[in-house]
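# Structure at a glance
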Amino acid sequence: MATTTIGPSAPLALTSMSPFSLKGGCFIVDATRKGKRFPDSMSKTIPIWTCVLNRCIRNYFSTVYEKASVGMDDMKSNTCKADNETRELISRDWDCSLHLPLWVSVTERAAIEGRLDEWTSQLEASGADIASLAVSLRKPLRPLWISQRSVIWLNEVPDHESWEFTPIILVSASSSTGVFQQRTSSEFSWTYIPGAGDDEESWARGLTPTLFWIHAYDLINLGPAICNQKVAEIVEKDRVYRAQRGQNAPQVTVRPQNSIGSCKQPSGEELPSHLKLLLNIKTDGDCCSEEHRLVWLASTNIVVGTTQLVATAPDVDCVLNCDKELLLVNPSYTCLHLPILSSKLDRFSLLSSLPSAVSFARSNLIRGKTLLVCCHDGEDISICVCLAILITLFDDQGLFDDGKSFREMQITKWEMRKRLVFVCKYATKARPSRGNLKQVYSFLNQRERVSVP
């Protein structure tokens, strides 16, 4: 059973990640404040999303069936096998009911069910790629809940092939009793800190998700006593690897802790059983070979990627560097450097840079040139800059109109959401932060800042 583990921003991941990774289901891990068994995202938000996605898929199947019944002989002759599979899916009872945990009240359930049709219509109108998800999934989505108090008899779990749904397994790491085990007075504890998962730069010490999963066994077996030392070795090895290949490899600075004490190394028995199962993963390939690629946003002549790609001399005409580090680029490129900081460090850095970014993009796109917009990870700041450029200079079909549609439209959050869905169709790893999206929205609603004739 192919599984994928994603973090707290599950709804965005479900709609923007490659649909084929959800073929066998996925695990979603989150936590919440003490005394609460599951966060609201698992109790309500994700079940709502699974229900809405199921309804959109059912509507898509119905549309395909209606078109096929009208008569599309050429399509039937060329894709006979695909038609048979589609008809099998259409004939199946596709579950579109709302599945909520038992602790959600009847009143809340009724309120949610009353808005499902509205949310379904909004998702369909947003331009989300429902077709790819519908082709990938063979069974409807359905959430399942697992907490620290869950008891699962592994020998009684049926084979996943016999399930009538694609499982979205929601694992809560929260303590339902509100009692937390404090190891020592050192930096290590089991205390839940709201939002800490979104601030990985404050605790990850430069360790990326890819590096973590490659070295997961070693890091967990070492325990907290010497974990930081091992992380430093892994990160430094990766940095040297990148530097030798001319890639962006900044030195990682770790803030000193106020107090660092000694902790006992945990035994293997202290690991939850569901974590042991999740770690039963083998990863092939070099530990330093993270995948970086250029992402073309349809036929807009706009490319998004990481700053490391600039060293590979990509086939573009212009480079808009949004990283704080200045790059040495090929003299043949027209380049603009805007050192934009994260919204956590500067709430107005992106907002103040967007007029220059849009002006630079317009001066080059109007001449038919290709533009690479890059930042450190190619997932946040560069995505938000591309979003601002697309809204100000392109119509809703992704065609360059030099700001004509922008001058005529009323910018709303709904319009921004539609354009963001368009970007996420191609940049599937995009994860723009809320702080940066707010700055884009403020920029678009301050027309005097947008230099579009």
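Relevant structure appears above.
Here, residues in each chain are numbered from 1, in the same order as that chain's written sequence. Totals for whole chains, interfaces and linings use every residue, but because this is a predicted model, local features are given only for residues with pLDDT of at least 70 and side-chain atom pairs only at 80 or more, for both listing and counting. Side-chain metrics in this entry use all non-hydrogen atoms of the structure; hydrogen atoms and water are not considered.

On to the pattern of salt bridges, then. In the sections that follow, a salt bridge refers to a side-chain nitrogen of Lys or Arg positioned within 4 Å of a carboxyl oxygen of Asp or Glu. Evaluation of the coordinates by the stated rule reveals 8 salt bridges. Salt-bridge contacts for lysine 44 lead to glutamate 108; the nearest nitrogen and oxygen are separated by 2.6 Å. Here glutamate 108 lies in helix α5 (residues 106-113) and lysine 44 lies in helix α2 (residues 40-71), a separation of 64 residues in the sequence. Any residue under 20% of the maximum accessible area for its type is buried, any over 50% is exposed, and the rest in between are partly exposed; the area is computed with a 1.4 Å probe on protein chains only. Here glutamate 108 falls in the partly exposed class, since its relative accessible area comes to 32%. Labels follow the DSSP assignment, with helices taken as runs of H or I lasting at least four residues and strands as runs of E lasting at least two, numbered in each case from the N terminus.

Examined against the element boundaries, threonine 120 turns out to sit in helix α6 (residues 116-125). Judged by its relative accessible area of 5%, threonine 120 falls in the buried class. Residues contacting threonine 120, with those up to four places away along its chain left out, are Val52, Arg55, Cys56 and Asn59. Two residues form a contact once any of their heavy atoms are found within 4.5 Å.

Our next topic: the nonpolar core. Within this scheme, the nonpolar core is defined by two criteria: the residues are buried Ala, Val, Leu, Ile, Met, Phe, Trp, Tyr or Cys, and they are joined through side-chain atoms within 4.5 Å. With 45 residues, the main nonpolar core has Ile302, Leu320, Leu371, Val373, Val385, Ile389 and Val440 as its most contacted residues. Listed by contribution, the elements that provide at least two residues to this core are β6 (302-306), β7 (318-321), α12 (349-365), β9 (371-375), α13 (381-393), α15 (413-426) and α16 (434-444). Ranked by residue count, the leading element in this core is α13, at 11 residues. Residues contacting valine 373, with those up to four places away along its chain left out, are Ile302, Val303, Val304, Gly305, Leu320, Cys322, Ser382, Val385, Cys386 and Ile389. Listed in part, the 28 residues of the second largest apolar core include Ile46, Cys56, Val104 and Leu141.

On to α16, then. Within the sequence span of α16, burial applies to Asn436, Gln439, Val440, Phe443 and Leu444. Within α16, the buried residues cover an arc of 135° as seen down the axis, which keeps them to one side. Among the exposed residues of α16, those pointing more than 90 degrees away from its buried face are Arg434 and Lys438. Contacts from the buried residues of α16 go to α12, α13, α14 (404-408) and α15. Within this analysis, the arc is defined by the directions that extend from the helix axis to the C-beta atoms.

Any Phe, Tyr or Trp ring, taking Trp's six-membered ring, that has another such ring centre within 6.5 Å forms a pair; planes under 30 degrees apart are called stacked, those over 60 apart edge-to-face, and the others tilted. In this structure the tally under the stated criterion is 7 aromatic pairs. When the centroid spacing of 5.2 Å and the interplanar angle of 15° are considered together, the rings of phenylalanine 38 and tryptophan 103 count as stacked. With phenylalanine 38 in the loop between β2 (26-30) and α2 and tryptophan 103 in the loop between α4 (80-91) and α5, this residue pair connects regions lying 65 residues apart in the sequence. A residue is classified by how much of its surface remains accessible, and phenylalanine 38, at 4% relative accessible area, is buried. The class of tryptophan 103 is partly exposed, set by a relative accessible area of 44%.

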